[in-house]
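Coordinate analysis (summary)
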Amino acid sequence: MSLRLSSLHVYPVKSCRGLSPSRWRVGRRGLLYDREWMVTDEEGRFLTQREEPRMALIRTDFRDGGLVLEAPGMDELPAGALLPGAEGEAEVWEDRVRVEDLGEEAAAWLSAFLGRPCRLVRASLSFRRDVRLRGEVVAEDGVAFADAFPFLLLTEASLSDLNARLPAPVSVERFRPNLVVAGAEPYAEDRWKLLKIGPLVFRLVKPCARCSIPCVDPSTGERGREPLAALAAYRRREGKVLFGMNAVHGGEGLLAVGDEVEVLEGV
């Protein structure tokens, strides 16, 4: 059976709800605008659904020339409210990176919804964050605010296999992939090393060790036990629960749903 790209997912604000376009451009750090914005606490440390599961309810869109935020019970935060300010530093995992603060209105909106003081920042022009694998740099300035790698890939078959083990199925949004591939056998991605998707080549470099975020229901912002409990029963390796593959890419170009996926290396 031929492989194809069945869906694309872009997450403009780290840990907030993403977009699922039919086509999207890939730049040097991955999908254009993917996790280019980030919510931080007052000290500049990044916030995610691990600490604030209600971030799953914050919807993102691009309208009126910029990023728009929406959330239940809140007035829309329009693009004109995101005002670039002074450049400073923020922390994402062990990295200190250069960011622009996007102003008091955005900070007040997020603080009101999440119930804690926080800020919205964007990667600045002087932002730099390398992609590392086992301590070695594999892509210079190759990732924005994603946890570690510019792409996460998952197959439809792996999700279907997991859902067959669950009391109620979960959607792919729980796992926040960028690339979803149809036509493969379950967990075929574990063995893939090099893929060509449309015009671009991707190197699958590391299985994704799952945290608690897939246990957050994106429709309610509430955390449960599944699907991590089911995954742990059969996808635990060396103390980590693995699902999906992290990837790096070569070149820039346009990806589209329906693009052919060719396995260049890996059985």
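Scroll up to find the structure this text is about.
The paragraphs below set out a description of the structure included in this document. Bear in mind that the values here come from a model prediction, so they are computed numbers and not experimental data.

1. Focus: the sheet that holds strand β7 (residues 87-92)
Judged by pairing direction, the sheet is antiparallel, and its four strands sit side by side in the order β4-β9-β8-β7 without closing on themselves. Strands at the two margins of the open sheet, each flanked by one partner only, are β4 (37-40) and β7. The sheet shows a mean angle of 50 degrees between the axes of neighbouring strands, taken without regard to direction. One ladder, built from six bridges, connects β7 with strand β8 (residues 95-101); its direction is antiparallel. Of the residues in β8, the one forming a bridge with Ala90 is Val97.

2. Focus on the layout of surface pockets
The gaps of empty space that remain are located by a probe, the size of a water molecule, rolled over the atoms. The calculated volume of the largest pocket comes to roughly 580 Å³. Along the walls of the largest pocket sit 25 residues, with Arg50, Asp147, Cys208, Ala209 and Asn246 positioned nearest its centre. Listed by contribution, the elements that provide at least two residues to the lining of the largest pocket are β12 (151-155), β15 (200-209) and β17 (240-250). The greatest single-element share of the lining of the largest pocket, amounting to four residues, is contributed by β15. In terms of residue class, the lining of the largest pocket is made up of 13 nonpolar, four polar and eight charged. Size it by volume and the second largest pocket reaches roughly 320 Å³. Taken together, 15 residues make up the lining of the second largest pocket; nearest its centre are Arg28, Arg29, Leu32, Glu36 and Ala123. Tallied by class, the residues present in the lining of the second largest pocket amount to six nonpolar, three polar and six charged.

3. Some thoughts on empty space enclosed by the protein
A complete count under the given rule lists one cavity of 30 Å³ or more for this structure. There is about 30 Å³ of room inside the largest cavity. As for the largest cavity, its lining consists of Arg29, Asp34, Arg35, Val143, Ala144, Phe145, Ala146, Phe149 and Pro150. Split into classes, the residues belonging to the lining of the largest cavity amount to six nonpolar, no polar and three charged.

4. So, helix α1 (residues 104-114)
Taken together, the buried positions of α1 are occupied by Ala106, Ala107, Trp109, Leu110, Ser111, Phe113 and Leu114. Summarising the contacts, the buried residues of α1 are in contact with β4, β6 (66-70) and β9 (119-123). Remark: Gly115 follows α1 within two positions and exhibits a positive phi of approximately 75 degrees.

What counts and how
Residues numbered from 1 in each chain as written. Predicted model: local features only at pLDDT ≥ 70, side-chain atom pairs only at ≥ 80, totals over all residues. Heavy atoms only, no water. Pairing = 2+ DSSP bridges. Helix = DSSP H or I, 4+ residues; strand = E, 2+ residues; numbered from the N terminus. Axes fitted to C-alpha atoms, helices over the stretch in contact; angles between N-to-C directions. 1 Å grid on protein atoms, 1.4 Å probe; cavity = no way out; pocket = protein on both sides within 12 Å on 5 of 7 lines; lining within 4 Å. Points joined across faces, edges and corners; volume = space filled by probe spheres on them. Nonpolar A, V, L, I, M, F, W, Y, C, P; charged D, E, K, R; others polar. Buried < 20%, exposed > 50% of the residue type's maximum accessible area, 1.4 Å probe, protein only. Contact = heavy atoms within 4.5 Å.

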